[in-house]
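Here is how the chains run, residue by residue.
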Amino acid sequence: SYSRRSLSVQDLGRGIKSGWLTKEGGLVRSWKRRYFVLMPEIIYYFKTNSKSELNIGSIPLCKDTAVQQGIHEDRDFVFGVFNTSERTFVLQATSEEDMVSWMEAIQHCVLEITTGEQGSRPGTENVQRRKEETT
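Rules used throughout
Residues numbered from 1 in each chain as written. Predicted model: local features only at pLDDT ≥ 70, side-chain atom pairs only at ≥ 80, totals over all residues. Heavy atoms only, no water. Helix = DSSP H or I, 4+ residues; strand = E, 2+ residues; numbered from the N terminus. Buried < 20%, exposed > 50% of the residue type's maximum accessible area, 1.4 Å probe, protein only. Contact = heavy atoms within 4.5 Å. Areas by Shrake-Rupley, 256 points an atom, 1.4 Å probe, with all protein chains shown as cover. Core = buried A, V, L, I, M, F, W, Y, C linked by side-chain atoms within 4.5 Å.

S.K.: Sorry, what's going on with the overall build of the protein here?
M.R.: In terms of helices and strands, the protein carries three helices and seven strands. Listed N to C, the secondary structure of the protein is α-β-β-β-β-β-β-β-α-α in terms of helices and strands. Evaluated residue by residue, the protein yields a buried proportion of 45% over its 135 residues. Here the contacts in the protein between residues at least 6 apart in sequence split such that 50% fall between residues at least 24 apart. Accessible area of the protein: about 7600 Å², with a carbon and sulfur share of 46%.

This is how it looks when you write it as structure tokens:
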């Protein structure tokens, strides 16, 4: 299980999926480009992909998380990550292919949370080892 404490890009490595997306702000509805790292139960995001960069936010994933495309009329390749108890995160990929790839990866993590098969995912064993190496 992942906490909401700050982690660096180096701590997480590439995760299950990582890359650049544009995120709509929560209170101020401006769009900002952010570096995202998908882990089994949480998506971390950063201002840059510098190894020492600490995450500025996270999107928790749970069995109730839903992912939906086409939620923004004025922008292409936009999808939302919905949690029942959290805000909706609106994200924009750079292409249709990138959007589909992110959505499928997130949905796969949610499915594994739902079915309880969390122990066998690639990428989960590296986080703890990296933390031990850097402390």
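S.K.: What's the story with the nonpolar core in this structure? I'm lost.
M.R.: Among soluble globular proteins, nonpolar side chains are generally buried collectively. Core analysis: the largest hydrophobic core is formed by 21 residues, its most contacted members being Phe-36, Leu-38, Ile-59, Leu-61, Phe-79, Val-81 and Ile-106. Ranked by residues supplied to this core, first place goes to helix α2 (residues 96-115) with eight residues. Apart from residues lying up to four places away in sequence, Ile-59 is in contact with Phe-36, Ile-42, Ile-43, Tyr-45, Val-81, Asn-83, Phe-89 and Leu-91. Val-9, Leu-12, Ile-42 and Phe-46 belong to the second largest nonpolar core, which has nine residues in total.

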